Amino acid sequence: MDSQPITILGIGNTLFSDEGVAIHLLPILEKALRDYENIEIIEGSTDGMRLLGPVEDAENLIIIDAINAGEPGGTIIKLEGDKIPAYFGIKMSIHQLGFQEVLMAAKMRERYPKRIVMLGMQPTSLELGVELTEINREQLGNLASLVVGQINDWRNLS
C-alpha cells in the first residue's frame, strides 16, 4: 500500500464540551493508526495562525473539528474541498477566525494541500465543561473509523 504522507490536524477547545471533540479523538486515532506509516497527528487546539506551517507542509490533510452544520448533536459530518471554507461562515467557535485565516493564507501563498478533508461532529453542547456530552462521546468510535477509512481511500486511489 502506498504510504504517502498524511497529516491529521485536530482543532478545538476542550474547555467547551463538544467543541473539544477532535482533541478527545486524537488518542483513539494514535492507537488505531499505530501500524500506519507516514501519518503525522497534530493537536492544533486553538493555535490559529501558528498552524499555517503544518497546513502548508501537508500534501494530504485531514482536519478534525466540531462542525456546526445545524444537524442533530452527534451527527458525523464530512466536508471536502471548496465546502470547507463555507463551514467557517456558520460556525461560531473560539478558533474559528484563526483557522479560516490559515486556510486562506495557505491558498493565497499557493501552498494549499493537494487533498483536504474536514471530518467532525455536530456539537450537542458548547457549554463550559471539559467532558464531551454522552451523545458525542458515543460517536467517537464512528468518527475514528471514518478518519481511518479516509486514509485508506486516499492511499488506495493513488
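Residues numbered from 1 in each chain as written. Predicted model: local features only at pLDDT ≥ 70, side-chain atom pairs only at ≥ 80, totals over all residues. Heavy atoms only, no water.

Caption draft 1: How the structure looks around the overall build of the chain. Across its full length, the chain carries six helices and five strands. Along the chain, helices (α) and strands (β) appear in the sequence β-α-β-α-β-β-α-α-β-α-α when read from the amino end. Burial analysis of the chain (158 residues in total) assigns 47% to the buried set. Here the chain has roughly 7800 Å² of accessible surface; of this, 51% comes from carbon and sulfur atoms. (Helix = DSSP H or I, 4+ residues; strand = E, 2+ residues; numbered from the N terminus. Buried < 20%, exposed > 50% of the residue type's maximum accessible area, 1.4 Å probe, protein only. Areas by Shrake-Rupley, 256 points an atom, 1.4 Å probe, with all protein chains shown as cover.)

Caption draft 2: Looking closely at the nonpolar core. One finds Ile-8, Leu-25, Leu-29, Ile-62, Ile-64 and Val-147 to be the most contacted residues of the largest nonpolar core, which totals 22 residues. Contributions of two or more residues to this core are made by β1 (6–11), α1 (21–32), β3 (60–66), β5 (115–121) and α6 (140–157). For this core, the element with the highest residue contribution is α6, accounting for seven residues. When near neighbours in sequence (up to four residues on either side) are disregarded, Ile-62 contacts Ile-6, Thr-7, Ile-8, Leu-9, Val-117, Leu-119, Val-147, Gln-150, Ile-151 and Trp-154. (Core = buried A, V, L, I, M, F, W, Y, C linked by side-chain atoms within 4.5 Å. Contact = heavy atoms within 4.5 Å.)

Caption draft 3: Geometry of unusual backbone geometry. Of note, the phi angle at Ser-17 is positive, near 50°, even though the residue is not glycine. Note that Ser-17 resides in the loop between β1 and α1. Phi at Asn-38 is positive, roughly 60°, even though this residue is not glycine. Structurally, Asn-38 can be placed in the loop between α1 and β2 (39–45). On the basis of relative accessible area, Asn-38 is assigned to the partly exposed category, the value being 45%.

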